[in-house]
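# Structural features, examined
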Amino acid sequence: MNRKALEKIKNDTIKLDPDLFEKKVKTHEKEIRVVLQNCDIIDPENINHYIVNNGYFGIHNAVTSMSQEDVIKEVIDSGLRGRGGGGFPTGKKWNFAYKNENETKYIICNADEGDPGAFMDRSILEKDPHSVLEGMMIAGYAIGAQTGFIYVRAEYPLAAQRLQIAIDAAREINILGENIFDSGFNFDIEIRLGAGAFVCGEETALIASIEGYRGMARNKPPYPASNGLYGKPTIINNVETLANIAQIILKGSKWFRSFGTEASPGTKVFALAGKIKNAGLIEVPMGITLGEIINDIGHGVSNKRKFKAVLTGGPSGGCLTEAHLNEKVDFDNLVALGSMMGSGGMIVLDDHDCMVDIAKFFLDFSVDESCGKCTPCREGTIQLYKILEKITNGTGTKEDLDKLYTLSKAIKRTSLCGLGLTAPNPVLSTLEYFYDEYLAHVVDKKCPSSTCKELINEYIITDDCIGCTICAKRCPVDCISGERKELHIIDQEACIKCGECFASCNFDAIITL
Amino acid sequence: MEEYVNRTQLQEFENNVINLYRDKQSPLMQILQESQKLYGCVPFEVQNLISNELNISTAKINGVVSFYSMFSLVPSGKHIIGVCTGTACHVKGAQRLVSRVEDALDTHYGETTEDGQFTLAHTRCVGDCSKGAVVMIDDKMHSKVTSDNILDILEPYRKQ
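The structure contained in this document is the topic of the report that follows. Everything quoted here is computed from the prediction, not taken from an experiment. (Residues numbered from 1 in each chain as written. Chains lettered and ligands numbered in written order. Predicted model: local features only at pLDDT ≥ 70, side-chain atom pairs only at ≥ 80, totals over all residues. Heavy atoms only, no water.)

## A short note on the interface of chain A and chain B
- Contacts between the two partners involve 55 residues from chain A and, on the opposite side, 34 residues from chain B.
- Summing the contributions of chain A and of chain B, the shared interface buries around 3500 Å²; its carbon and sulfur component is 55%.
- When the buried area of chain A at its contact with chain B is split by residue, Ala195, Arg214 and Phe361 of chain A rank highest and sum to 17% of it.
- Where chain A packs against chain B, one counts five salt bridges.
- Notably, a salt bridge pairs Arg100 of chain B with Glu500 of chain A, separated by 3.2 Å at the nearest N-O pair.
- Listed by contribution, the elements that provide at least two residues to the side of chain A that touches chain B are strand 4 (185-193), helix 9 (203-210), strand 6 (267-274), strand 10 (345-350), helix 14 (355-369) and helix 21 (500-504) of chain A. (Contact = heavy atoms within 4.5 Å. Buried area = accessible area lost by both parts, 1.4 Å probe. Salt bridge = Lys/Arg side-chain N within 4 Å of Asp/Glu carboxyl O. Helix = DSSP H or I, 4+ residues; strand = E, 2+ residues; numbered from the N terminus.)

Here it is as structure tokens:
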């Protein structure tokens, strides 16, 4: 394979399908597609489609006309920061591994997208797998690695399948393999499947999992860049990070810096979900305001409800409220606001969502997913969960709120890995911005959002009922009666307080006491 | 103790799976995944076989099996229902969907029905968050599921 052959594939494919890149994906004017540039346009199972959009020209340029130092310098200059959530400068990370003199080194692509509510990595893997492979190859060339692993979570079978097809296709035309572009550079990639453990998104736990152990984190340092997979220097980059690389090499760090902010250059893909009208994946320049994302691109909250908060950073992050709609979304600002970028999941909540319930939801997740190695995380998250359970079932006290705070701080100070260090964030963040709501639960024994079942005595239909019959149809025990277009009534004796009617009413006619 | 994988199957497993991975670096996870795929579980008899063949203690193997939620010791039901309980689906009422399915199939979250037809599996996030609530049945994704249509979606699987 050489540049000429690559050009030939490009030209032949375009001749066959001249309209390929005419297909436009509908995007908002505030969106800029860098990472998602090929998604929903190319056939992900056809390597030629990827090549048409200058695919594999990045690795070609790197191995034929750039030194390893040049590649690393370009990535450092671009200011690219890890898109998995931490935001560590990618080029700097590579430099650590490059400087290590060990002969065997590894590149790992972290495709263990565990944040429940984020699905950008899945989309990139399924819709543009070659961009990730090319990023890994460039990373491999830069640090001097010959083997790459992609650790895909088991819940994404299609992603794994498409990656395998992509790897096979790249091997077939000798883009992956030995003596790539006659440069003497050898590189190959293997897929490893996860088996359902959130903590394996943490670098050292991920390595343990590939090595065939329980996915448990270990102390850092030594960092994987010096002592990683099988004890060798290992660079672990997230899917979205790697999908940026080829374009940085092709178009230069200056081009990359034309998007985003000084400290957080480039674009970021966000997954908008929850109570938002226009849900889905968006790619925007860093530094865009939260309001632009929620209101302009997302078209605000659905079903006539009121925007309450947006959850960012998943179980490690926190919430942002109406007061933050003018804040800039970038790595450092989100941390300053008590949340974090995370992998880019944004779950929008409306006034029917209880913040204490959300904190409890995340803690339930963290309890489940804590690997159990260090005590603060293993025991601390369980205690946090128990206190939140008390609060939501009406037996909580004001002292419990102080306990929540103190314990959260302790877990954050003493846990071993990222999971424990960030697990209390949803509690701290909701305590800070929605303290009143916590107070209502412990003092008034009320859930202002009508979510916490134990604090609801009865559901009542008010005069606002227009008799649309939706609630009656949905009631699982048939305890709602009333003629069409007339006021409905709930039989309190038969009601099992499942909340189905409350959730189904579009007219705010059902209230809780 | 009940056995789920018979002797002939074990021999096949050794020939077709263990021998394939034997010389690879750290093959344990991949072998366990094959067992889960073939038998719907990684029972003790398979763990013993792997232990003997690869010279890894059963304690270590069982430690790995019990750590990851995808591995189970007993076979799962014929159809696996995953009501996604990720954050986006949670706020879209996944908890109510779970209750509906529990009632309809007379089982509990994480358990298998008595007739072995369904497992209501713990499911965190299947990555289709913008189309919540999502229910995954076997390999098929059902999106925008509500209390109104969940029972209809289940119906065809009851007979198969």
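## Observations regarding the pairing of strand 6 of chain A
Residues and elements named next belong to chain A.
- The buried fraction of strand 6 is high, at eight of eight residues.
- Of the pairings in the sheet, the one linking strand 6 to strand 7 (residues 280-285) comprises six bridges and is antiparallel in character. From the neighbouring strand, Leu272 faces strand 7, where its bridge partner is Gly280.
- Here strand 6 folds back onto strand 7 in antiparallel fashion, the turn holding five residues.
- The pairing of strand 6 with strand 10 spans four bridges and is classified as parallel. Among the inter-strand pairings, Leu272 is bridged to a residue of strand 10, identified as Met346. (Buried < 20%, exposed > 50% of the residue type's maximum accessible area, 1.4 Å probe, protein only. Pairing = 2+ DSSP bridges.)

## Describing the nonpolar core
- Tyr56, Val71, Trp94, Ile150 and Phe187 of chain A are the most contacted members of the largest nonpolar core, which has 85 residues in total.
- Counting residues per element, this core draws most heavily on helix 7 (residues 129-143) of chain A, which supplies nine residues.
- In this structure, Val71 of chain A is in contact with Ala62, Met66, Trp94, Ile138, Tyr141, Ala142 and Ile249 of chain A, ignoring residues within four places of it in sequence.
- Formed by 43 residues, the second largest nonpolar core is a distinct cluster that contains Ile108, Phe149 and Val199 of chain A together with Tyr21 of chain B. (Core = buried A, V, L, I, M, F, W, Y, C linked by side-chain atoms within 4.5 Å.)

## What about the sheet that holds strand 3 (residues 135-137) of chain B?
Residues and elements named next belong to chain B.
- Strands sit in the order 2-1-3-4 across an open sheet of four strands; the sheet is mixed. Looking at which strands have only one partner, the edges of the open sheet turn out to be strand 2 (118-120) and strand 4 (140-142). In this sheet, adjacent strand axes meet at a mean angle of 20° when their direction is disregarded.
- Where strand 3 meets strand 4, three bridges bridge the pair, whose relative direction is antiparallel. Counterpart to Ile137 in the pairing with strand 4 is Lys140. (Axes fitted to C-alpha atoms, helices over the stretch in contact; angles between N-to-C directions.)

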